[in-house]
Amino acid sequence: MPSSQSTILGAWIRRQCELYEDLIAVRFVRQGRAREITYGDLSRYARRIAAGIWRRGFKPGAAAVIVGRNSPEWLLAYMAVHFCGGIDVALEESADLRLTLDVIQKTGAKFLFSDREDLLAGAGAEARSLRLVHLSWKRRTTRGGLHTFTDLESRGRALRAFVRFLSLPGVRVTDDAASVLFKRAAPSDPAPVGVVLTHRNILRNVLSFASIFPTEESDRLITATPFHRAPGRLPFLLSLHSGVTLLISNPVDFFRHSRALKPTLAIAPPGVLNMLLRRVRDGVFTDSALELLLRRLHLLLVRMYHISEDALSGEFSEKGAALNFASAFGSVAAIILLFPFKTTGDWLMRRTFEKRLGGRLRVALTGGERLHRSLEDLFRSLDIALLEGYWISEASGIAACRTLEFTGQRRRLAPGTVGACLPGVELRLLNSRGEDVSNLPWAEGRIYLRSETLMQGYFQDPEKTAGAIDEQGWLATRDYGRLTANGDLQLMRNRRR
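Residues numbered from 1 in each chain as written. Predicted model: local features only at pLDDT ≥ 70, side-chain atom pairs only at ≥ 80, totals over all residues. Heavy atoms only, no water.

### A closer look at the side chain of T225
Here comes step 1: Structurally, the position occupied by T225 is in the loop between strand 10 (220–223) and helix 9 (230–242).
Here comes step 2: Not counting chain neighbours up to four residues away, the residues in contact with T225 comprise N70, P231, G232, I267, A268, P269 and W391. (Helix = DSSP H or I, 4+ residues; strand = E, 2+ residues; numbered from the N terminus. Contact = heavy atoms within 4.5 Å.)

In structure tokens, the structure reads:
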């Protein structure tokens, strides 16, 4: 396991890249071809770009806004900002000019990185002193303050600037702000709020999650979660921690990239995985009516089989009551009757999955939205572990997660839950009367969290911060949940405010 002595994000990233220098860091598809970059090359590119923006006036503690879709260039901008001791300010890739300028003005950002030329042109016209960087390697003249990575890298190659940049001891400390992630607290909110995360918050979350998510050096981790979100950075930081290869994708191209890059691990929003279920259940234009009928029948059989299996074990029973003889006999009979049909259907369905996901997937992690129960049944029948997590930006990305079977924590995964809290994360449930019901299985309450991964606060909003985090350090989330008898957290989706 890599050392965690580096407590500043930029220093930690550099250390991990040096540790895995010769391994493949990222793979991606561009112009129909699969391309790759080693950890060593990724670090060298980022250091040169960092030296380039350093020469253009970017100093420790300065903010840089990044607006763009998932790409290696987005990651290089993120790394370069932190190599300089800066603060990354993330906005969704569809952010309009008004919102971008508002965030730039609030944060005092000196640089804007984006892959959208229209946004760069509009921002340049409104903020003349702003340094603009197009997330590309195109060669162009730096007119109007517009740069590309090629321009910055050539500026950063100067030896004296490079040596000066690499000798910056003590410019940042672990409790300084590292990232400001703008998100809408609720869909109805008119403006996003900025979640301020420190170096300590981010690194603690990565180390905590990695301790319950074992990986192998040969693993390929595909991600479709946007990098501007806290859970979206988790795959990249996990790859850095473990030395696995990150496969860069997005929700639109996820299945095409999966077929080309053949991942073993996946982190994706529920909408992407639910889309897989819809494709399996509803088919595509080349599927025959018989194929669709057999698939839907298989999903129904799988659901019945798992209901009988869970009833027999009683492991996920809300009441926890033992089955009577008649119920147990009925469950055993159903399992025996359905087993041959389910096994045959699983074999046929696996071929469909291999076609969609590359044929090597063994674990998928998701969170943030409700999963279709049929999707959980399908993954379970094909022996692909489906880990649903409690994704929350205020806790640096993830606060709880189902555990992989081979870690010895559970005989099998608990459907309908987000697992237990990560190591170092405390959870408390308070009911409508303010009573702590954390020790009462199946008692519902509002979720409170306390951990070193909790945010520093909301950006320039001390009143909102004080309303969210109390004097004892408990974060009042907007979610409600309950704990099973085994200590797994179940989110009450219909109670979310």
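### Some remarks on the pairing of strand 6 (residues 131–134)
Here comes step 1: Of the pairings in the sheet, the one linking strand 5 (residues 111–114) to strand 6 comprises 4 bridges and is parallel in character. In the sheet register, L112 faces strand 6, and the bridge partner there is L132.
Here comes step 2: Viewed along the sheet, the connection from strand 5 through helix 5 (residues 117–126) into strand 6 turns out right-handed.
Here comes step 3: Two elements, strand 6 and strand 7 (residues 146–148), share 3 bridges in a ladder whose sense is parallel. Note on strand 7: the bridge partner recorded for L132 is L146. (Pairing = 2+ DSSP bridges. Right-handed = clockwise from strand over helix to strand, strands pointing away.)

### Some points on the sheet that holds strand 20 (residues 475–483)
The pairing of strands in a sheet comes from backbone hydrogen bonds and takes either a parallel or an antiparallel form.
Here comes step 1: Read across the open sheet, the 4 strands follow the order 17-18-20-21; overall the sheet is antiparallel. Every interior strand has two partners, whereas the edge strands, strand 17 (426–430) and strand 21 (489–491), have only one. Going across the sheet, the axis of each strand differs from the next one's by a mean of 50°, ignoring polarity.
Here comes step 2: In this structure, strand 17 lies alongside strand 18 (residues 445–450), joined through 5 bridges in antiparallel fashion. Within strand 18, the position partnered with L427 by the bridge is L449. (Axes fitted to C-alpha atoms, helices over the stretch in contact; angles between N-to-C directions.)

### Let's talk about the pairing of strand 4 (residues 87–91)
Here comes step 1: With 5 of 5 residues buried, strand 4 lies mostly within the body of the structure.
Here comes step 2: Residues I87, V89 and L91 of strand 4 are buried on one face, and the alternating residues D88 and A90, pointing to the opposite face, are buried as well.
Here comes step 3: Bridge analysis of strand 3 (residues 63–67) against strand 4 gives 5 bridges, and the strand direction is parallel. Paired with A64 across the bridge in strand 4 is D88. (Buried < 20%, exposed > 50% of the residue type's maximum accessible area, 1.4 Å probe, protein only.)

### Quick look at the environment of A123
Here comes step 1: With respect to the helices, strands and loops of the structure, A123 is situated in helix 5.
Here comes step 2: A relative accessible area of 0% places A123 in the buried class.
Here comes step 3: Between the C-alpha atoms of A123 and R98, which are 25 residues apart in sequence, the distance is 9.0 Å.
Here comes step 4: Here A123 is in contact with L97, L101, L112, L130 and L132, once residues within four sequence places are set aside.

### Here we look at the side chain of S438
Here comes step 1: With respect to the helices and strands, S438 occurs in the loop between strand 17 and strand 18.
Here comes step 2: Look at S438 and you get buried, because its relative accessible area is 16%.
Here comes step 3: Reaching out from S438, the side chain makes a polar contact with the backbone nitrogen of L429 at a distance of 2.8 Å.
Here comes step 4: A distance of 2.6 Å separates the side chain of S438 from the side chain of D436, its partner in a polar contact.
Here comes step 5: In this structure, S438 is in contact with L427, R428, L429 and L483, ignoring residues within four places of it in sequence. (Polar contact = N/O pair within 3.5 Å; in protein donor to acceptor, adjacent residues only side chain to side chain.)

### As for the sheet that holds strand 11 (residues 245–248)
Here comes step 1: Across the sheet, which stays open at both edges, the 9 strands sit in the order 2-1-11-10-12-13-14-15-16 with mixed pairing between neighbours. Edge positions in the sheet fall to strand 2 (33–38) and strand 16 (420–421), since each of these pairs with one other strand and no more.
Here comes step 2: Two strands pair when backbone bridges link them, and strand 10 and strand 12 (residues 265–267) are joined in this way by 3 bridges, in the parallel orientation. Residue pairing across strands places L221 opposite L265, the latter belonging to strand 12.
Here comes step 3: Across the sheet, helix 8 (residues 199–212) touches strand 13 (363–367) and strand 15 (397–401), and the angle it forms with strand 15 is around 30°.
Here comes step 4: Across the sheet, helix 9 is in contact with strand 10, strand 11, strand 12, strand 14 (385–392) and strand 15; its angle to strand 10 comes to roughly 165°.

### Focus on the packing of helix 3 (residues 72–83) against helix 9
Here comes step 1: The N-to-C vectors of helix 3 and helix 9 enclose an angle of 80°; their axes lie 13 Å apart at closest approach. Comparing their axes, helix 9 and helix 3 come out roughly perpendicular. From helix 3, W74, L75, Y78 and M79 reach across to helix 9, where they touch R233, F236 and L237.
Here comes step 2: Within the contact of helix 3 with helix 9, the residues separate by chemical class into 6 nonpolar, no polar and 1 charged. (Parallel < 35°, antiparallel > 145°, perpendicular 65-115°, else oblique. Nonpolar A, V, L, I, M, F, W, Y, C, P; charged D, E, K, R; others polar.)

### Considerations on the confidence of the model for the protein chain
Here comes step 1: Residues with a pLDDT of 70 or more make up 80% of the protein chain, whose mean pLDDT is 84.
Here comes step 2: Ranking the helices and strands of the protein chain by mean pLDDT puts strand 11 first, with 97, and helix 7 (residues 159–166) last, with 53.
Here comes step 3: Counted against residues more than four places away or in other chains, residues 1–5, with its pLDDT under 50, gives 10 contacts.
Here comes step 4: Counting contacts from residues 407–412, a segment whose pLDDT is below 50, to residues more than four positions away or on other chains yields 18 contacts. (pLDDT = per-residue confidence, 0-100.)

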